[in-house]
Structures are given as C-alpha cells and as structure tokens.
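Chain residues, written in single-letter form:
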Amino acid sequence: MINDTIAAVSTAYGRGGIAVIRISGEGAHKIADMMFRPASGKRITEIKPNECVYGDIIKGGVRIDDGMCTVFSAPHSYTGEDVAEISCHGGIIVTEKVLEAAFECGARQAGAGEFTRRAFINGKLSLSQAEAVGMLIDAESEEQMWLASSQEKGTMTRRVDSLYEKLKTIVTGVYANVDFPDEDLAELSESEVLEELYSIEKELCDLKSSYRVGKAVCEGIKTVIVGKPNTGKSSLLNRLLGRERAIVTDIAGTTRDTIEESIVCGRVMLRLCDTAGIRESNDAVERIGVERSLKMMGEAELILAVFDLSRKIDSEDEDIIKKLSPLGCPKIAVLNKSDMETEFDKNCLSECGFTQIVEISAAAEDDAVSGVKNLKEIIEKLYIDGEIDYNSYAVITNARQNASVTRALDYVKNAIVTLKQGDTSDMAGFDLEAALSELSELDGRRVTEEIVDGIFHRFCVGK
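This is a predicted model, so every value here is computed, not measured.

Undergrad: Report on the overall build of the chain, specifying residues and quantitative values.
TA: Helix and strand counts for the chain come out as 16 helices and 13 strands. A total of 463 residues make up the chain; the buried ones form 51% of that total. Contacts in the chain between residues far apart in sequence, at least 24 positions, make up 68% of those at least 6 positions apart. Of the roughly 22,000 Å² of accessible surface on the chain, 49% is carried by carbon and sulfur atoms.

Given below as structure tokens:
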C-alpha cells in the first residue's frame with residue numbers, strides 16, 4: 001500500500017477561509033492534472049516544482065470551485081514523494097467534493113497519520129520527529145508547543161545520533177580486537193573505552209532524567225486530591241479548573257465517585273482526579289467511592305491532601321495521614337479555609353513526608369488572594385525549576401522513548417562492569433550491541449511494525 005497514491009483533507013472540517021486537500025504518491029501530479037485546470041492554460045505536469053498556480057477544480061468534467069494548486073517533486077516534499085496540494089474554499093460540502101474528485105482520478109483515502117508515516121519511511125523524519133509532529137498538533141499548552149517544535153526540528157534526533165555513533169565506534173573496536181587480536185585495529189585502548197563508556201553512561205543518565213520534565217509537560221502528572229469529607233476537595237478542583245465541574249455543598253459525602261479532568265498548571269499538565277471523602281461509612285455507595293479513592297491514591301504521581309484549617313484534627317485526618325505516609329510520590333498538604341479562624345494543628349504534618357504545606361481559601365475568587373496561585377507555582381517547580389532551552393536540551397517526551405533509554409543505560413552499565421572485572425571484550429560487546437539496538441528503536445532505525453502502527457494511528461487523517 002506504500003506505493004498507492006493517497007489523498008485526504010489536511011485541514012479541519014467545517015467553515016473556513018480555505019481547505020487543503022493533500023495528494024501524495026507516484027501518481028499525485030497526474031491526478032492533480034486531471035482535476036485541476038490552471039488559469040494559465042498549462043497542465044499541472046508542466047508546472048515547476050514548488051510553484052503555486054491559480055485555476056479551476058474539476059469533478060466529472062464540471063467546475064466545482066476555484067483555488068490554488070501547489071506541486072512538489074520527490075524527494076523534496078513532506079512525504080518524500082511527489083505531492084500536490086489543492087486549496088479550495090473552506091466548507092464541508094465543497095471540501096468533500098474536491099476530495100471525491102481526487103478519488104475518482106485514482107487516489108485512495110489516506111489512513112490516519114499516513115502522510116507522516118510515509119515521511120518516516122522515506123527518511124524525511126526520524127521516529128521522534130514524527131511523534132513530535134503529532135504532539136505539536138495536539139498541544140494543549142504553550143510549553144507543549146515549544147517542546148514539540150524543538151523535537152520536530154531534530155533536537156532529540158541529534159542527541160541520539162551522537163550517542164549511537166559513539167557506541168558504534170566502541171563496538172566496532174571491540175569486535176576488531178576479538179577477530180584480529182594481533183592487528184591492533186581498534187581506535188581506542190581498553191582504558192579509553194572505559195572512559196568513553198562512562199561518558200556515554202552520564203549522557204544516558206541525563207537523558208533519562210529529562211523524562212521528569214517531558215512527562216510533566218506532555219503526558220501529564222496523575223494528580224489525586226484526597227481528604228476526609230467536606231474539607232473543600234471539590235472546591236479546589238473547581239478552582240484549579242477555573243469552572244464549576246464538581247458539585248459543592250455543605251453536606252459531607254457529596255462526592256461519591258472519582259471525577260477526572262486535565263488542566264494546565266503553569267507549564268505542566270495535571271491529570272486531576274477528585275476523590276470521594278475518605279471515612280468509615282455504612283452507606284454501600286459511599287464505601288465503593290472510598291475504595292476507589294484509596295486505589296487512586298496508590299496509583300498517584302502527585303497527591304494534594306486537603307485538610308480543613310477551621311476544624312481540629314480528628315481520627316479521620318489521622319487515618320488519611322497514616323495512609324499517605326508510606327506513599328513515595330510527592331505529597332502537598334493543602335490547608336483549606338485559611339480565611340476562617342485556625343483550629344487545625346499544623347505540627348502534626350511535620351513528620352509525614354509532605355513535600356510542601358500550603359494554605360489556601362478555595363472560597364476566595366482571586367487566585368492570588370486565595371493562595372491557589374501559590375499552589376500552582378509550587379506544583380510547577382516540582383517538575384520544572386527555571387527556564388529550559390528546548391532547542392539545545394533534548395527531552396524524553398513519552399514512555400516509549402523512556403523505556404528505550406532506560407534499557408540502553410542498563411546495557412552500558414553491564415558492559416562497564418564486564419570490562420572492569422577483566423572479562424573478555426566480546427562479553428562486553430554483547431551488551432553494547434544491545435544498547436545500540438535500543439537506541440536504534442528509540443529513533444526508528446530498527447523498530448517493529450507494531451510500534452510504528454501504535455504511533456501513527458494516534459494521528460488525525462490528513463497528517
């Protein structure tokens with residue numbers, strides 16, 4: 001199917017100034033020639049590459065619209081193939097008719113992400129760059145946009161290329177010594193190999209640590225709001241979202257189930273989950289809600305534990321603190337109702353492993369007055385502290401990349417141990433080959449069809 005000529009609408013459906021129909025493949029120019037008549041009288045096949053011409057769009061021998069056609073010749077196009085892009089007036093019916101004209105002339109409907117997939121197959125993009133294209137389209141925050149833009153320009157690709165070449169040089173030398181021990185063909189001595197491997201290990205460690213930022217910006221931090229009933233958990237959720245998502249009443253136990261939403265908190269993304277108040281209850285429905293709350297706590301990557309400043313600490317608060325203490329994720333104690341007289345003893349939180357203790361008044365309308373602004377800043381600094389130049393700093397943006405870097409790092413560490421123990425070089429070579437393989441998978445030099453399918457099926461049709 002990679003040899004087919006494909007077509008799809010590459011702009012959003014609906015009313016707009018223009019819509020763009022992209023055609024890619026060996027027959028792209030021929031198909032455009034059949035459905036587009038330049039006003040100059042030339043044929044599309046006579047148009048110079050990268051030239052945009054005005055004319056009429058034809059379907060079944062009848063003019064349906066006027067617009068522009070731009071042609072690109074392989075390999076100098078987005079997909080690396082011959083491409084024609086026809087711009088017509090934006091509208092659902094006219095766009096569909098122009099696309100139908102392309103099908104009638106021999107194109108087939110492009111699949112999800114198929115244009116970008118072809119760009120990857122034809123070597124126009126690495127796999128991390130292709131992932132960045134999808135991330136750029138789906139960006140929910142400016143920080144995601146900046147990070148995706150740098151990745152799309154090859155920041156990660158260049159970093160991986162550098163590591164790959166360094167490892168390849170070492171592997172080549174190791175096997176040269178094994179196969180021709182008397183020829184001294186290796187570029188590096190054994191001590192130099194170890195020194196270079198330590199450097200590669202450090203680079204991989206730095207790259208792995210970047211996932212803390214990348215996950216916070218791109219995938220989002222699974223954040224759970226917990227507390228006993230009627231402490232203001234749902235009010236906090238609403239304040240963070242900036243809208244009334246959860247029902248808020250003075251009745252304890254109003255929230256019976258988990259409520260999940262996503263928000264941009266400064267430069268990071270939070271996958272927020274408001275939970276039912278944790279307490280002993282004879283109500284069967286409430287008990288189920290509490291069980292779900294405890295389950296979400298165990299899976300959380302960040303916990304916002306809400307306590308009521310206007311009430312003295314009780315056994316329910318103490319039980320929640322006890323349940324939170326062994327959890328290894330960051331925990332922020334959010335002391336709500338700071339606008340009321342304080343009865344809560346904050347000293348009880350000092351030895352419970354809370355990363356921060358923040359006082360807020362979820363009832364106050366202004367974030368600066370309520371303390372919610374301060375809370376957001378604290379959360380952001382947990383994951384991004386200071387400015388980051390994404391154009392020079394490669395950041396792992398998803399679990400797939402992180403897994404490959406982690407495995408590559410483990411193999412390099414194994415090779416270092418093998419060489420330090422004085423074992424034969426070929427034993428270390430096995431681990432170094434495996435590390436190379438992991439870096440190959442990270443950026444698509446060697447990658448399974450299943451992984452490629454999983455990445456591009458998340459794309460929209462037309463990209």
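So much for the structure itself; the text now carries on.
Undergrad: For helix α11 (residues 315–324), give the residues involved together with the corresponding values.
TA: Along α11, the residues that are buried comprise Asp 317, Ile 320, Ile 321 and Leu 324. Seen from one end, α11 has its buried residues packed into an arc of 100 degrees, which puts them on one side. In this structure, α11 carries Ser 315 and Lys 322 as exposed residues pointing more than 90 degrees from its buried face. N-cap assignment for α11: the residue whose side-chain oxygen lies 3.1 Å from the backbone N of Glu 316 is Asp 314.

Undergrad: Tell me about the pattern of salt bridges, and name the residues and values.
TA: In the structure shown here, the tally under the stated rule is 29 salt bridges. A salt bridge links Arg 271 to Glu 140, with the nearest nitrogen and oxygen atoms 4.0 Å apart. You can see Arg 271 sitting in strand β10 (residues 268–274) and its partner Glu 140 sitting in the loop between α4 (127–137) and α5 (142–152), a full 131 residues away along the chain. The exposure class assigned to Glu 140 is partly exposed, which follows from its relative accessible area of 46%. Across the pair Lys 323 and Asp 319 runs a salt bridge whose closest N-O atoms are separated by 2.6 Å. With Lys 323 and Asp 319 both in helix α11 and four residues apart, the pair spans about one turn of that helix.

Undergrad: Can you lay out the pairing of strand β8 (residues 221–226) for me, pointing to particular residues and giving the numbers?
TA: Burial analysis of β8 places five of its six residues in the buried class, the great majority of the element. Two elements, β8 and β10, share five bridges in a ladder whose sense is parallel. Looking at β10, one finds that Thr 223 is bridged to Leu 272. Judged from the four bridges that link them, β8 and strand β11 (residues 302–308) form a sheet pairing that is parallel. When the bridges of β11 are listed, Val 224 appears paired with Ile 303.

Undergrad: Before we move on, can you summarise the confidence of the model for the chain with the specific residues and values?
TA: When pLDDT is averaged across the chain, the result is 85; 88% of the residues are at 70 or more. Across residues 246–257 the pLDDT falls below 50, and counting only partners more than four positions away or on other chains, this stretch makes 33 contacts in the model.

So, how was this worked out
Residues numbered from 1 in each chain as written. Predicted model: local features only at pLDDT ≥ 70, side-chain atom pairs only at ≥ 80, totals over all residues. Heavy atoms only, no water. Helix = DSSP H or I, 4+ residues; strand = E, 2+ residues; numbered from the N terminus. Buried < 20%, exposed > 50% of the residue type's maximum accessible area, 1.4 Å probe, protein only. Contact = heavy atoms within 4.5 Å. Areas by Shrake-Rupley, 256 points an atom, 1.4 Å probe, with all protein chains shown as cover. Arc of directions from axis to C-beta. Polar contact = N/O pair within 3.5 Å; in protein donor to acceptor, adjacent residues only side chain to side chain. Salt bridge = Lys/Arg side-chain N within 4 Å of Asp/Glu carboxyl O. Pairing = 2+ DSSP bridges. pLDDT = per-residue confidence, 0-100.

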